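# What the coordinates show
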Amino acid sequence: MSRLFTALCLALAAPAWAGEFAPGGNGGTLARPFALPALGDAAVLPRGRSETRWTLDVTNEYVTEGNCAIECILLDGETARMRFSHRRGLGDGWDFSFELPMLDRGGGFLDGWIQDWHDAFDLPEGRRQLAPENLYRFHYERQGTVLLDETRGGTGVGDATVAVGRRLGRTSTLRAMAKLPTGDEDALEGGTGGYALWVERALALPPGWSGYLAAGASVNDRGGALAHLQKREVAFGGIGLAVPVTRSIRLTAQLQAHSRLFEDSELTPLARAGAPFTLGLQFRTSARGAFELGFQEDLNSNGSPDFAAYLSVRATAFSAPP
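As the structure is a prediction and not an experimental result, all values here were calculated from the model.

On to the pattern of salt bridges, then. A full pass over the atoms with the stated rule returns 15 salt bridges. For the salt bridge of Glu-51 with Arg-314, the shortest nitrogen-to-oxygen distance reads 2.4 Å. Of this pair, Glu-51 sits in strand β1 (residues 49-67) while Arg-314 sits in strand β15 (residues 307-318), placing them 263 residues apart in sequence. An identical accessibility class is assigned to Glu-51 and Arg-314; each is buried. Among the ionic pairs, Lys-179 bridges to Asp-159, the shortest N-O distance being 2.5 Å.

Quick look at the structure:
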């Protein structure tokens, strides 16, 4: 992971653009087989403009629930994910983007800190305080049969995505994405294909503010963890708002929700819709530059990981007049 941190530090010196949102959404292990795009790019890039983003997020998961004679689950682990994404304007109201994630899975280091965080703000622990710290185990058992038991962390490539956007009028964009099975499904890194289609609309807000609304759906191949329970069709949507604090700092907030990802289960990690809420601070470094840092909590308990922290850097370049 030291190389990933070095890349981020170097990226902070690069020119970037402060106009959009850092990627939010569900970064949980069991969500990786699904095509759930990052939302917040409501405008198509003009021809000649390109944007490159590096995002490092660390997602910590813990939930244990059920009776193993009937059905039980344990999700306990931490994943550091470095996402490299690039978007380019093609002209005539079109742009193109791709993203490649790198994953480092293990017990992590945030367990004790998260317990202190939840205690300080009186947030639900979900029996986290009773579990050994910094372990990695993803276990699912049904009627005494073990269907998932992963205890080995590791580093690997997640599922890459490619997408196109088409401008609709002055404030909306239609986007389509293909998710490629480049990850290792046996290592819980993805490994399944899927497609997503969604619309994003920029909100009419005062100067210096930004906002979006988005809604769409995805169709997903089944594979990886608990493939027999995965739903093929998933609805998703989001809302985001960026509010200026000073001329160079904005407060950002996003809610990116999705319908339930699994069926035929009463356990909350499988039965509930995800509603991760992301809160961050965006710092403008130049006319083309910004970086953002923040954290994420699950508003619908156990529907997505209960904590994530992130650092995101965006760089903008022009190969022709915008």
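Turning next to the state of the cysteines. Taken as a whole and assessed by the stated rule, the structure comprises one disulfide. Linked covalently through their sulfurs, Cys-68 and Cys-72 form a disulfide whose S-S length is 1.9 Å. Judged by the sign of its S-S torsion, about 90 degrees, the cystine formed by Cys-68 and Cys-72 is right-handed. Residue Cys-68 is classed as partly exposed on the basis of its relative accessible area of 29%.

In this section: a nonpolar patch on the surface. There is a patch of nonpolar side chains on the surface, built from Phe-84, Leu-90, Trp-94, Phe-96, Phe-98, Val-162, Val-164 and Leu-180 and spanning about 600 Å² of accessible area. Element by element, the count of residues in the nonpolar patch is highest for strand β3 (residues 94-106), at three residues. Residue position: Leu-90 is located in strand β2 (residues 71-91). Among the residues examined, Leu-90 registers a relative accessible area of 48% and is labelled partly exposed.

Parameters at a glance
- Residues numbered from 1 in each chain as written.
- Predicted model: local features only at pLDDT ≥ 70, side-chain atom pairs only at ≥ 80, totals over all residues.
- Heavy atoms only, no water.
- Salt bridge = Lys/Arg side-chain N within 4 Å of Asp/Glu carboxyl O.
- Helix = DSSP H or I, 4+ residues; strand = E, 2+ residues; numbered from the N terminus.
- Buried < 20%, exposed > 50% of the residue type's maximum accessible area, 1.4 Å probe, protein only.
- Disulfide = S-S within 2.5 Å.
- Patch = residues over 30% accessible without salt bridge, like charges linked within 9 Å, V, L, I, M, F, W, Y side chains within 5 Å.
- Areas by Shrake-Rupley, 256 points an atom, 1.4 Å probe, with all protein chains shown as cover.

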